[in-house]
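Notes for the structure review
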Amino acid sequence: MAARAARRLLIVLMSVGVYSGVSLSLNVDDDDSGVTVSPVRSPRRSPRSTTTRAPDITMVYPVLDTFPGNVLAYCVPGHTSQRMEGHIVPHYYSNPTIQRDGDGNIRLKWATGVETTARGVVCSAPGAPPHYNVSAPLMKHGARYVPEQLSVTVSEGEDLRLRFTLRDRTASRQVLWRKEPITFYGWQPSNLTDDNQLIIPADKLTGSGFYSVIPYTRVSKPGGDKKQFGTFSLLVRECPAGRYGEGCSEWCPDCMSGGACHPLTGECVCPPYLSGDRCQTRCNNTRMGRDCTVELPEPRGKQVCLPHPLGCHCAPGYTGDTCTTECGGGRWGVECSQSCRHHCQGDCHPNNGHCHSPGPADCAGAVVVTTAV
């Protein structure tokens, strides 16, 4: 756990599974108690093959206070017998380092006074395909162009569009961008739009990974100052929108309420606070995870990252650069993208869409589940 004097931006990674009716509850506090994990009861579910399901991994990424900056990354397994893996990108960097505690948890530890930084952190389940990894970028305070989203998902053939915040308002909109692995060569020039969007045509993208943006320069070997890198994670669906499977021959199922179809398996990867094969089940107001077993009592100011293709977004119910603007006007869910009017007579809870006033319209939405503690 981080000491109070060393409080910094915190990433929490956790993998939560259900084993014999026992699950894990995660509490992220804003004091020096950090992260605690304790057993709670969860409803038994019928056995189901997990060979084609994404690992139940959630990354919680606070964006108040010191973002961007050094982070302490925690990778927490859902069961003591389940191993988790964590690594940084590029792998040869010695700062931060990966540490494992006696409980099998993994975290990042930053060296004091070291200025160079890795570009990303990845959490995964051993043996799981790379497209099931959960990733988030790492940046220093000196980043000149800071992406407004930690990750972006595009389908095959789709252009990348991502808005940046210019830390220096006098900074030029001329930039260079490049995907990992970073070398002095291969940087691509581009111009941000008037509203500071970076647009990269689909034919110039080279797949999923970490991409970095730096100020334009004419020097022969750009990218020497890693402190200036503004980095984001790009997730490229291997199929066009609405398709999945070998040769993209299958149509995606109807994933409800912002759920996303995995391009290889067709599984609905559900946003936080939702679960079920089609994301049709609403957890209670502080629960998330595949079986509504992960406790996040204070979502304000936090990004939540999930496996491909969902990536990172403000915790449901919030939006804005620091994820502190609560949804209003009858909206709820990830980036306030869902409407209460579809299933409620009145307003609803901004996290999961629970109707404030019970009535016939309650039946038009998703099933509600409350997990007993």
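The structure contained in this document is the topic of the report that follows. (Residues numbered from 1 in each chain as written. Predicted model: local features only at pLDDT ≥ 70, side-chain atom pairs only at ≥ 80, totals over all residues. Heavy atoms only, no water.)

1. Here's the deal with the environment of alanine 315
With respect to the element layout, alanine 315 can be found in the loop between strand S28 (311–314) and strand S29 (318–319). With relative accessibility at 0%, the residue alanine 315 sits in the buried group. Sequence-distant contacts of alanine 315, that is, excluding residues within four places in its chain, are made with Pro299, Lys302, Gln303 and Val304. (Helix = DSSP H or I, 4+ residues; strand = E, 2+ residues; numbered from the N terminus. Buried < 20%, exposed > 50% of the residue type's maximum accessible area, 1.4 Å probe, protein only. Contact = heavy atoms within 4.5 Å.)

2. Structural notes on the sheet that holds strand S15 (residues 188–191)
Strand order in the open sheet formed by five strands is S12-S18-S17-S14-S15, and the pairing between neighbours is mixed. A single partner strand is all that each edge strand has here, and the edge strands are strand S12 (151–155) and S15. Pairs of neighbouring strands in the sheet enclose a mean axial angle of 35°, with direction left out of account. (Pairing = 2+ DSSP bridges. Axes fitted to C-alpha atoms, helices over the stretch in contact; angles between N-to-C directions.)

3. A word on the state of the cysteines
Tallied over the full model, the rule gives nine disulfides. Each sulfur in the disulfide pair cysteine 255 and cysteine 268 lies 2.1 Å from the other. Looking down the S-S bond of the cysteine 255 and cysteine 268 bridge, the torsion is -85°, so its handedness is left-handed. Of this pair, cysteine 255 sits in the loop between strand S20 (250–251) and strand S21 (260–261) while cysteine 268 sits in strand S22 (residues 268–269), and the two are 13 residues apart along the sequence. The buried category is assigned to cysteine 255, whose relative accessible area is 14%. Look at cysteine 268 and you get buried, because its relative accessible area is 6%. What pairs with cysteine 305 in a disulfide is cysteine 312, and their sulfur atoms sit 2.1 Å apart. Measuring the twist about the S-S bond at about 110°, one finds the cysteine 305-cysteine 312 disulfide to be right-handed. A relative accessible area of 0% means that cysteine 305 is categorised as buried. (Disulfide = S-S within 2.5 Å.)

4. Quick word on the sheet that holds strand S16 (residues 197–200)
Through backbone hydrogen bonds, the strands of a sheet pair up, either in parallel or in antiparallel fashion. Read from one edge to the other, the open sheet built from three strands follows the order S11-S13-S16, with strand pairing classed as antiparallel. Only two strands of the sheet have a single neighbouring strand rather than two, namely strand S11 (145–147) and S16. Ignoring strand direction, the axes of neighbouring strands in this sheet form an average angle of 40°. As paired elements, S11 and strand S13 (residues 160–166) share three bridges and run antiparallel to each other. The residue bridging valine 146 from the neighbouring strand is threonine 165, located in S13.

5. Description of unusual backbone geometry
Backbone torsion omega between glutamate 180 and proline 181 reads 0°, so that peptide bond is classified as cis. With respect to the element layout, proline 181 can be found in the loop between strand S14 (174–179) and S15. For the bond from histidine 308 to proline 309, the omega torsion is 10°, close enough to zero to count as cis. Position of proline 309 among the secondary structure elements: in the loop between strand S27 (302–306) and S28. The backbone of asparagine 196 shows a phi angle near 65°, a positive value even though the residue is not glycine.

6. Quick notes on the pattern of salt bridges
Considering all chains together, one arrives at three salt bridges under this definition. In this structure, arginine 119 and glutamate 180 form a salt bridge, with 2.5 Å as the shortest nitrogen-oxygen distance. On the criterion of sequence distance, the pair formed by arginine 119 in the loop between strand S8 (106–109) and strand S9 (120–124) and glutamate 180 in the loop between S14 and S15 is long-range, its members being 61 residues apart. In this structure, arginine 119 and glutamate 180 share a single accessibility class: buried. A salt bridge links aspartate 195 to arginine 163; the shortest N-O distance between them is 2.8 Å. Taken together, the residues aspartate 195 in the loop between S15 and S16 and arginine 163 in strand S13 connect sequence positions 32 residues apart. (Salt bridge = Lys/Arg side-chain N within 4 Å of Asp/Glu carboxyl O.)

7. Examining the pairing of strand S10 (residues 134–137)
Side chains of S10 alternate between two faces, with Val134 and Ala136 and Ser135 and Pro137 buried alike. Both S9 and S10 contribute to a ladder of four bridges, which runs antiparallel. When the bridges of S10 are listed, valine 122 appears paired with serine 135.

8. What to know about the pairing of S12
Burial analysis of S12 places four of its five residues in the buried class, which makes it a mostly covered element. Sheet analysis places S12 next to strand S18 (residues 230–237), joined by five bridges and oriented parallel. Of the residues in S18, the one forming a bridge with serine 151 is serine 233.

9. Notes on the nonpolar core
Met59, Tyr61, Ala136, Leu138 and Cys305 are the most contacted members of the largest nonpolar core, which has 21 residues in total. When residues of this core are traced back to their parent elements, those giving at least two are strand S4 (57–62), S8, S9, S10 and S28. For this core, the element with the most residues is S4, which contributes three residues. (Core = buried A, V, L, I, M, F, W, Y, C linked by side-chain atoms within 4.5 Å.)

10. Examining the packing of aromatic side chains
Geometry of an aromatic ring pair is reported as the spacing of the ring centres plus the angle between the planes. Across all of its chains, the model carries four aromatic pairs by this definition. Taking 6.2 Å as the distance between ring centres and 35° as the angle between the ring planes, the aromatic pair formed by tryptophan 177 and tyrosine 211 counts as tilted. Linking tryptophan 177 in strand S14 with tyrosine 211 in strand S17 (residues 209–215), this pair joins segments that are 34 residues apart in sequence. Both residues of the pair, tryptophan 177 and tyrosine 211, count as buried. With relative accessibility at 0%, the residue tyrosine 211 sits in the buried group. The residue whose ring lies beneath arginine 243 is tryptophan 251, and the NZ or CZ to ring-centre distance is 3.9 Å. (Phe/Tyr/Trp six-rings, centres within 6.5 Å; stacked < 30°, edge-to-face > 60°. Lys NZ or Arg CZ within 6 Å of the ring centre and 35° of its normal.)

Distances and angles like these do not, on their own, reveal function.
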